[in-house]
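As a plain string of letters, each chain reads:
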Amino acid sequence: MRVNAYAAPAEGLPLGPTTVERRPVGPEDVLIAVEYAGICHSDIHTVRGEWGPKPYPLVPGHEIVGTVVEVGPRVTAHRAGDRVGVGCMVGSCGRCAPCAGGDQQYCVDGPVFTYGSADRDGRATQGGYATHLVVDAGFVLSVPAALDPAAAAPLLCAGITTYAPLRRWGAGPGRRVAVVGLGGLGHLAVKLAHALGAEVTVLSRSPKKQEDARRLGADHWFDGSDPAAFAELAGRFDLIVNTVSADLDTNALLGLLTLDGVLANVGAAPGPMQVDGHRLGSARRVLTGSMIGGIPQTQEMLDFCAAHGIAADVELIPAEHINAAYERVLASDVHYRFVIDAATFA
Ligand code: NAP
Ligand code: ZN
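Please read these numbers as outputs of a predicted model, since none were measured by experiment. Residues take numbers from 1 onward in each chain, read along the sequence in its written order. For this description, chains carry letters from A and ligands carry numbers from 1, given in the order in which they are written. Only residues with pLDDT of 70 or above have their local features reported here, since the model is predicted, and side-chain atom pairs are shown and tallied only from 80 upward, although totals for entire chains, interfaces and linings are computed over all residues. Only hydrogens and water are set aside; all other atoms, that is, all heavy atoms of the structure, feed into the side-chain values.

Secondary structure follows DSSP: runs of H or I at least 4 residues long count as helices, runs of E at least 2 residues long count as strands, and numbering of each begins at the N terminus. Tallying secondary structure elements over the protein chain gives 11 helices and 17 strands in all. In terms of overall dimensions, the protein chain has a C-alpha envelope of 60 × 40 × 35 Å along the principal axes. Here the term buried applies to any residue with accessible area under 20% of the maximum for its type, exposed to any over 50%, and partly exposed to those in between, with areas from a 1.4 Å probe on protein chains only. Burial statistics for the protein chain: of 346 residues in total, 55% are counted as buried. Once local pairs closer than 6 in sequence are excluded, the contacts in the protein chain between residues at least 24 apart make up 67%. Reported accessibility uses the Shrake-Rupley method at a 1.4 Å probe radius. Residues are deemed covered only where the shown protein chains occlude them. Accessible surface, the protein chain: about 13900 Å² in total, of which carbon and sulfur atoms supply 52%. Only four residue types enter the charge count: Lys and Arg as positive, Asp and Glu as negative, with His and the chain ends excluded. A charge is said to be at NZ when it belongs to Lys, at CZ for Arg, at CG for Asp and at CD for Glu. If you average the places of the 27 positive and of the 36 negative side-chain charges in the protein chain, the two averages end up 3 Å apart. The contact definition used throughout considers only heavy atoms, calling two residues in contact when any of these lie within 4.5 Å.

Glancing now at the coordination of the zinc ion (ligand 2). The textbook angles at a metal center are 109.5 degrees for a tetrahedron of four donors and 90 or 180 degrees for an octahedron of six. The donor definition counts N, O and S atoms within 2.8 Å of each metal and applies 3.2 Å to Na, K and Ca; water is not among these atoms, so some sites may look incomplete. Every protein donor of the zinc ion (ligand 2) is listed here as Cys-40 (SG), His-62 (NE2) and Cys-157 (SG), and their distances to the metal cover 2.0 to 2.2 Å. All donor residues of the zinc ion (ligand 2) come from one chain, and their arrangement in sequence is C-x21-H-x94-C. Pair noted here: His-62 is in the loop between helix 1 (41-47) and strand 4 (64-71) and Cys-157 is in the loop between helix 3 (149-152) and helix 4 (158-168), with a separation of 95 residues, a long-range link. Each member of the pair, His-62 together with Cys-157, is buried.

Moving on, we get to the confidence of the model for the protein chain. pLDDT is a residue-level measure of predictor confidence that goes from 0 to 100. Residue-level pLDDT values for the protein chain average 97, and 100% of them are 70 or greater. Of all the helices and strands in the protein chain, helix 9 (residues 277-281) carries the lowest mean pLDDT, 97, while strand 5 (residues 83-86) carries the highest, 99.

This brings us to helix 5 (residues 184-195). Helix span is expected to be 1.5 Å times the residue number reduced by one. Under the 1.5 Å per step criterion, the end-to-end length of helix 5 is 17 Å for 12 residues, consistent within 8% with the ideal 16 Å. Within helix 5, 10 of the 12 residues are buried, which leaves the element mostly enclosed by the surrounding structure. Along helix 5, the residues classified as buried are Gly-184, Leu-185, Gly-186, His-187, Leu-188, Ala-189, Val-190, Lys-191, Leu-192 and Ala-193. Where helix 5 is buried, its residues contact helix 4, strand 10 (176-180), strand 11 (199-204), helix 6 (210-216), helix 10 (295-308) and strand 17 (337-341).

What follows covers the site of ligand 1. Here a residue counts as near a molecule or strand whenever at least one of its heavy atoms sits within 4 Å of it. Near ligand 1 there are 31 residues, and of these His-41, Ser-204, Ser-206, Lys-209 and Arg-337 occur at the shortest range. Any pair of nitrogen or oxygen atoms within 3.5 Å is treated as a polar contact; in protein, a donor-acceptor pairing is required on top of that, and neighbouring residues in sequence qualify only through side-chain atoms on both sides. Contact distances for ligand 1 include 2.7 Å between an oxygen atom and a side-chain N or O atom of His-45. Take Leu-182: an N or O atom from its main chain is 2.8 Å from an oxygen atom of ligand 1. Against a free-state accessible area of 910 Å², the protein chains account for coverage of 91% of ligand 1. Secondary structure elements with two or more residues in the shell around ligand 1: helix 1 and helix 5. Here the residues of the shell around ligand 1 are counted per class, giving 14 nonpolar, 14 polar and 3 charged. Note on residue categories: nonpolar means Ala, Val, Leu, Ile, Met, Phe, Trp, Tyr, Cys or Pro, charged means Asp, Glu, Lys or Arg, and polar means any other residue, Gly included.

Helix axes use the C-alpha atoms of the stretch in contact, all axes being lines fitted to C-alpha atoms, and the angles between their N-to-C directions lie in the range 0 to 180 degrees. Orientation of helix 4 relative to helix 5, taken along the N-to-C sense of each, is 50 degrees, at an axis distance of 8 Å. Here helix 4 lies oblique to helix 5, going by the angle between them. Seen from above, helix 4 lies across helix 5 with right-handed handedness. When helix 4 is examined against helix 5, the residues Ala-158, Gly-159, Thr-161, Thr-162, Tyr-163 and Leu-166 are found in contact with a partner set consisting of Gly-184, Leu-185, Leu-188, Ala-189, Leu-192 and Ala-193. For this classification, under 35 degrees means roughly parallel, over 145 means roughly antiparallel, 65 to 115 means roughly perpendicular, and everything else is oblique. Handedness of a helix crossing follows the sense of rotation of the near helix relative to the far helix, less than a right angle counterclockwise being left-handed and clockwise being right-handed.

What follows deals with the sheet that holds strand 14 (residues 257-265). Here, a strand pair is defined by DSSP locating no fewer than two bridges between the strands. With respect to topology, 6 strands assemble into an open sheet ordered 12-11-10-13-14-15, the strand pairing being parallel. Only two strands of the sheet have a single partner each, and these edge strands are strand 12 (220-223) and strand 15 (286-289). The sheet shows a mean angle of 20 degrees between the axes of neighbouring strands, taken without regard to direction. In this structure, strand 13 (residues 237-242) lies alongside strand 14, joined through 5 bridges in parallel fashion. If you follow Leu-239 over to strand 14, its bridge partner there is Val-262.

Following this line, the structure appears as structure tokens:
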């Protein structure tokens, strides 16, 4: 079926209305009528060519919430009318050790990403800035009724991307967690770390976000561009989740960790990292990264959010405001996720 969508016609060009072909609903597929699609900074990196060449035209969007229209005969987990979500992946090999362990994002063949990947029929996947989507049921999440659907959409990428390292590295009572960068990922990291019981500090270069940080659940706020803040916070944190989309001084962040502290990078800064081995070894610090999260953990995160009343702070926009929203994200002027009303793709 041909459906309305918004696409970048070529690298670096503004997005505009178009149509894309969705495959027929296969035995294990789910046809979803999209209601909301979040704008992730990764969408912007991708269409600006910062992550290498991609097939064009390209429909971004991997924070998708909608309702099931139709399911294939072998689908048992979802039914017509259910509210569901799709995140950054729509396929994986299903046989390798990471897939078998529920970590499809680390599939040894590489997962099939929701847009800009080769799909199993060889065509390029096209994402959620569209009225409809056909997805393998194994990559469709259940969105709990307690969650507002527009505010839930960013959980499918920003939520799981921050939940995964917070859980992996033990954010909880008695643990000091710093979140660097208060954007889409960062504001959810603050809410989630607070709900997990950690003491939460925000490092942001935007003083105007200080009040928001406290409202979101942060115990402390520091100016991340101020060397005095780094001196004051030296050796303080058990875990730092870095969500910044640009290159930062990794060694300065490592210096804020206590013995065995962990710096988990989730921001996709373009440059290679310079790491001072002494800074790592002098307090047995750990430097790691993390990419989204597996399907079972994504469902766990959605259920955790429903139980704790957590969702994104969103600014709902019509499709024709997508390019302006991209500019505002690039200017760190996002409070704290743009979500597109998919009715405006029609
Ligand atoms: P975002 O909404 O733009 O937030 C990024 C925040 O970083 C900004 O709001 C700003 O916060 C801070 N920042 C931006 N430029 C900076 C600079 N030059 N120096 C210092 N701070 C800066 O982006 P997002 O959607 O949260 O995504 C963040 C990054 O994570 C992107 O690179 C994205 O591609 C990546 N990502 C990774 C994964 C993964 O699986 N690992 C998943 C999703 C996204 P302040 O104003 O508070 O300083
Ligand atoms: Zn994303």
